[in-house]
Amino acid sequence: MAQWGTLLVILAAFQWGITGGLGSQLMSWGWQTEVISIWRALIGFICMLGWMFLLGYHKRPADSTRGLLVWSLLAGLGVAGNFMFYFKSVNESSVAVAATLMYSAPIFVYIASFLARVEKPTPTKLASIVVVMIGIVLLTGVLQSGSASVTTSGIVFGLLAGVSYAVFIFAFKSASRHGSVPGILAIALGLSTLIMVPFTDMGQAIAVPFADEWWVFILFGLVGGGLSFYCYVFGLRHSLPSVASIVAMIEPITATLYGLLILGQGLSAMQVGGMVLILLAITVLSLAQNRPDVLLRMPLGLRKARPKDSQSNQAEQANR
């Protein structure tokens, strides 16, 4: 069963990786980043609604409706920012650079935790942050004068995509205490769709079903916001967090290969070195912590409780 769980997590990471490539192709055909983002969220929302109703999650009452809605709204803001900033970064740089910058999201979680004094800095965490920062410098070519492969806006948008995903991680984990995973994802994706409406050319967005590329949008939405979440949630329930933290690297690697083999977006030796530093640092940090809330693709309160945790929970309930 654990092997099937790992395979599902790998499949989810693979789908997220090719999402950036599909989005880049749509942009090359003249579709705006906001239109691409809103359709990804909309198709994901429909998929989550289907999941919720088919399995009967809509019949399960929330522990706290107010808490569920508040945290899901924040998660929706994170999703909207992540989708839009990510594809803007793809447009301004490349799929590989944007995906790797977004993969650095756990570092922003840690920095925020340090500033809020939620967690204490340790040598491993501080070293990982430093290595990631060095990797970002190499990946983006900041020190290379005259380099036009990555623009300043591409770097900023990529980092903002990581920050937005960090917000989503925090909000989704908090919302999971009040309701089911499909319900939270449905609310978050639905709200993110509404949030993106004012920033989107709705004339172009409405034209999607009548365009020749309509099937690409459907495929793009399914792998980026529907099937990938199904695979990840079910896979994570039957795999170890340490294993999932390693296979999560497949996402930026897949994005890089897609950009190289299909889109012709190459990387210099320095950029490859920066990418390797970032991936290794995030993975080492994830393995050292072995906690789902600090992993880019391990959100979210889905990890099974340890035996000690279960015993402590039973003791707390007995004392109430």
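Quick caveat, the model's predicted, so the values are computed rather than measured.

Rules used in this analysis
- Residues numbered from 1 in each chain as written.
- Predicted model: local features only at pLDDT ≥ 70, side-chain atom pairs only at ≥ 80, totals over all residues.
- Heavy atoms only, no water.
- Helix = DSSP H or I, 4+ residues; strand = E, 2+ residues; numbered from the N terminus.
- Buried < 20%, exposed > 50% of the residue type's maximum accessible area, 1.4 Å probe, protein only.
- Contact = heavy atoms within 4.5 Å.
- Areas by Shrake-Rupley, 256 points an atom, 1.4 Å probe, with all protein chains shown as cover.
- Core = buried A, V, L, I, M, F, W, Y, C linked by side-chain atoms within 4.5 Å.
- Expected span 1.5 Å × (residues − 1).
- 1 Å grid on protein atoms, 1.4 Å probe; cavity = no way out; pocket = protein on both sides within 12 Å on 5 of 7 lines; lining within 4 Å.
- Points joined across faces, edges and corners; volume = space filled by probe spheres on them.
- Nonpolar A, V, L, I, M, F, W, Y, C, P; charged D, E, K, R; others polar.
- Axes fitted to C-alpha atoms, helices over the stretch in contact; angles between N-to-C directions.
- Parallel < 35°, antiparallel > 145°, perpendicular 65-115°, else oblique.
- Left-handed = near helix turned anticlockwise from the far one by under 90°.
- Patch = residues over 30% accessible without salt bridge, like charges linked within 9 Å, V, L, I, M, F, W, Y side chains within 5 Å.
- Salt bridge = Lys/Arg side-chain N within 4 Å of Asp/Glu carboxyl O.
- Phe/Tyr/Trp six-rings, centres within 6.5 Å; stacked < 30°, edge-to-face > 60°.
- Lys NZ or Arg CZ within 6 Å of the ring centre and 35° of its normal.

A. Representation of the overall build of the protein chain. Along the backbone of the protein chain there are 14 helices and zero strands. Shown N-terminal to C-terminal, the secondary structure of the protein chain runs as helices and strands in the order α-α-α-α-α-α-α-α-α-α-α-α-α-α. Taking all 320 residues of the protein chain together, the buried fraction comes to 52%. Taking the contacts inside the protein chain whose residues are at least 6 apart along the sequence as the reference set, 86% of them involve residues at least 24 apart. Summed over its atoms, the accessible surface of the protein chain is roughly 14,700 Å², and 68% of this surface lies on carbon and sulfur atoms.

B. Looking closely at the nonpolar core. Formed by 58 residues in total, the largest nonpolar core has its most connected members in W31, I36, W39, M48, Y86, L185 and F217. Put simply, the parts of the chain that give this core at least two residues each are α1 (2-28), α2 (33-54), α3 (65-92), α4 (95-103), α7 (152-175), α8 (181-196), α10 (214-236) and α12 (250-261). For F217, the residues in contact, after removing those within four places along its chain, are L26, W31, V35, I36, W39, I43 and V208. Counting 17 residues, the second-largest nonpolar core is a separate cluster that includes Y103, I107, Y110 and L139.

C. Main features of α8. With 16 residues, α8 extends 22 Å between its outermost C-alpha atoms, agreeing within 8% with the 22 Å of an ideal straight helix rising 1.5 Å per residue. The buried fraction of α8 amounts to twelve of the 16 residues, a majority that puts the element mostly inside the structure. Along α8, the positions that sit buried rather than exposed are V181, P182, G183, I184, L185, A186, A188, L189, G190, S192, T193 and M196.

D. Molecular detail of empty space enclosed by the protein. Scanning all chains against the criterion turns up four cavities of 30 Å³ or more. Taken as a whole, the largest cavity spans an internal volume of roughly 110 Å³. As for the largest cavity, its lining consists of 14 residues, and the residues nearest its centre are V79, F83, Y165, F168 and F229. Contributing elements (two or more residues each) for the lining of the largest cavity: α3, α7, α8 and α10. Looking at the lining of the largest cavity element by element, the count peaks at four residues for α3. For the lining of the largest cavity, a count of residues per class yields nine nonpolar, three polar and two charged.

E. Highlighting the packing of α7 against α8. Packing of α7 against α8 leaves a shortest axis separation of 10 Å and a crossing angle of 135°. Compared by their axis directions, α7 and α8 come out oblique. In the crossing of α7 with α8, the sense of the turn from one axis to the other is right-handed. Contacts between α7 and α8 involve F168, F172 and A175 on the former and, on the latter, V181, I184 and L185.

F. Here's a closer look at a nonpolar patch on the surface. Taken together, L194, V197, M202, I206 and F210 make up a surface patch of nonpolar side chains, about 530 Å² in accessible area. Assignment of secondary structure puts I206 in helix α9 (residues 202-207). What makes I206 exposed here is its relative accessible area of 55%.

G. Inspection of the packing of aromatic side chains at higher detail. What the rule picks out here adds up to eight aromatic pairs. Their ring planes at 90° and their centres at 5.1 Å tell us that W51 and Y230 sit as a pair that is edge-to-face. Of the two residues, W51 is situated in helix α2 and Y230 in helix α10; the sequence distance between them amounts to 179 residues. Taken together, the aromatic side chains of W31, W39 and F217 make up a single cluster linked through ring pairs. In this arrangement the basic side chain of R40 is found over the ring face of F83, its NZ or CZ atom lying 4.1 Å from the centre. A cation over an aromatic ring shows up here: K88 above the ring of F157, its NZ or CZ 5.8 Å from the ring centre.

H. Region of the structure containing the environment of L279. Position of L279 relative to the elements: it lies in helix α13 (residues 269-289). Between the C-alpha atom of L279 and that of T100, which follows or precedes it by 179 residues, the distance is 7.8 Å.

I. Seen up close, the pattern of salt bridges. Applying the stated criterion to the full structure yields one salt bridge. For E34, the salt bridge identified is with K88, shortest N-O distance 2.9 Å. With E34 in helix α2 and K88 in helix α3, this residue pair connects regions lying 54 residues apart in the sequence.

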